Amino acid sequence: MVTKQQVEAWVESYVRAWSTGAAKDIKALFTADAEYHEWPYATDWNGRDEIVEGWLGREPWQQGGWTFEWSLLMINGDTAAIRGTGVYKELGTFSNLWTVTFDNRGKCTVFRMWNNEV
């Protein structure tokens, strides 16, 4: 079972990786065979290397600055539900719902995000 502290540390690391855009920071979040799915954009990245490549392809989204606020909605076993709001100067505001499934080391095995522009 994943703990609240593990989820909080993981999300903080996720935000840091989004800030740095460093491949090593992104890789540290995910298992080698992790899955990353996002709707409505039909993003399906399979494996850590594909996740890093896809993530780095979104670096232009950060132009002009951004902020992200989040809250933990619940934990059920090895999966956490997280609500987030990203505000991008160039893109607008997006409301997110994440489900993140963790392995026993606190790394993400399956990431699912529903992303809605508000």
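The structure this text deals with has already been given above.
Residues numbered from 1 in each chain as written. Predicted model: local features only at pLDDT ≥ 70, side-chain atom pairs only at ≥ 80, totals over all residues. Heavy atoms only, no water.

Peer 1: Would you mind going over the overall build of the chain with me for this structure?
Peer 2: Looking only at helices and strands, the chain features three helices and six strands. Helices (α) and strands (β) of the chain occur, in sequence order from the N terminus, as α-α-β-β-α-β-β-β-β. In terms of overall size, the chain behaves like a compact globule, its C-alpha atoms giving a radius of gyration of 13 Å where 118 residues would be expected to give roughly 13 Å. With the C-alpha coordinates aligned to their principal axes, the bounding extent of the chain is approximately 40 × 30 × 25 Å. Taking as baseline every contact in the chain between residues at least 6 positions apart, the subset at least 24 positions apart corresponds to 44%. Of the roughly 6500 Å² of accessible surface on the chain, 49% is carried by carbon and sulfur atoms. Side chains of the chain give 11 positive and 16 negative charges; the mean places of these two sets differ by 5 Å. (Helix = DSSP H or I, 4+ residues; strand = E, 2+ residues; numbered from the N terminus. Rg over C-alpha atoms; globule rule 2.2 N^0.38 Å. Contact = heavy atoms within 4.5 Å. Areas by Shrake-Rupley, 256 points an atom, 1.4 Å probe, with all protein chains shown as cover. Lys, Arg positive; Asp, Glu negative; His and termini not counted. Charge placed at Lys NZ, Arg CZ, Asp CG, Glu CD.)

Peer 1: Honestly, the nonpolar core in this entry has me stumped. Any pointers?
Peer 2: Ranked by size, the top nonpolar core spans 27 residues in total, and within it Trp10, Tyr14, Phe30, Trp55, Trp98 and Phe111 carry the most contacts. Where this core is concerned, the elements lending two or more residues are α1 (4–20), β1 (30–39), α3 (48–56), β4 (79–88), β5 (92–102) and β6 (108–117). In terms of residues, this core owes the most to one element, α1, which gives six residues. Excluding residues within four positions of it along the chain, Phe111 makes contact with Trp10, Tyr14, Phe30, Glu35, Tyr36, His37, Trp98, Thr99 and Val100. (Core = buried A, V, L, I, M, F, W, Y, C linked by side-chain atoms within 4.5 Å. Buried < 20%, exposed > 50% of the residue type's maximum accessible area, 1.4 Å probe, protein only.)

Peer 1: What exactly am I supposed to notice about the pattern of salt bridges here?
Peer 2: Opposite charge on two side chains makes pairing possible when the charged atoms of those side chains draw close. Tallied over the entire structure, the rule returns four salt bridges. Residues Arg58 and Glu38 are paired through a salt bridge, measuring 2.5 Å at the closest nitrogen-oxygen approach. Residue Arg58 is found in the loop between α3 and β3 (66–76), and its partner Glu38 is found in strand β1; the two are separated by 20 residues along the sequence. (Salt bridge = Lys/Arg side-chain N within 4 Å of Asp/Glu carboxyl O.)

Peer 1: Looking at this structure, how should I read the packing of aromatic side chains?
Peer 2: Two numbers describe a pair of aromatic rings. These are the distance of the centres and the angle of the planes. Inspection of the entire model under this criterion finds 19 aromatic pairs. Aromatic side chains Trp10 and Phe111 sit 6.2 Å apart centroid to centroid with 35 degrees between the ring planes, which places their arrangement in the tilted category. With Trp10 in helix α1 and Phe111 in strand β6, the pair connects residues that are 101 residues apart, well separated along the chain. Its relative accessible area of 4% is what places Trp10 among the buried residues. With 5.5 Å between their ring centres and 15 degrees between their planes, Phe68 and Trp98 make a pair best called stacked. Of the two residues, Phe68 is situated in strand β3 and Trp98 in strand β5; the sequence distance between them amounts to 30 residues. Residue classification places Trp98 among the buried positions, given a relative accessible area of 1%. Members of the aromatic cluster, joined through ring pairs, are Trp10, Tyr14, Trp18, Phe30, Tyr36, Trp45, Trp55, Phe68, Trp98, Phe102 and Phe111. (Phe/Tyr/Trp six-rings, centres within 6.5 Å; stacked < 30°, edge-to-face > 60°.)

Peer 1: I'm lost on empty space enclosed by the protein in this one. Help?
Peer 2: Take a probe with the size of a water molecule and roll it over the atoms, and the empty space left behind shows itself. This model, assessed by the stated rule, comprises one cavity of 30 Å³ or more. Here the largest cavity is characterised by a volume of approximately 230 Å³. Along the walls of the largest cavity sit 18 residues, with Tyr14, Trp18, Tyr88, Asn96 and Met113 positioned nearest its centre. When contributions to the lining of the largest cavity are tallied by element, the ones reaching two or more residues are α1, β1, β3, β4, β5 and β6. Of the residues assigned to the lining of the largest cavity, the class counts are 13 nonpolar, three polar and two charged. (1 Å grid on protein atoms, 1.4 Å probe; cavity = no way out; pocket = protein on both sides within 12 Å on 5 of 7 lines; lining within 4 Å. Points joined across faces, edges and corners; volume = space filled by probe spheres on them. Nonpolar A, V, L, I, M, F, W, Y, C, P; charged D, E, K, R; others polar.)

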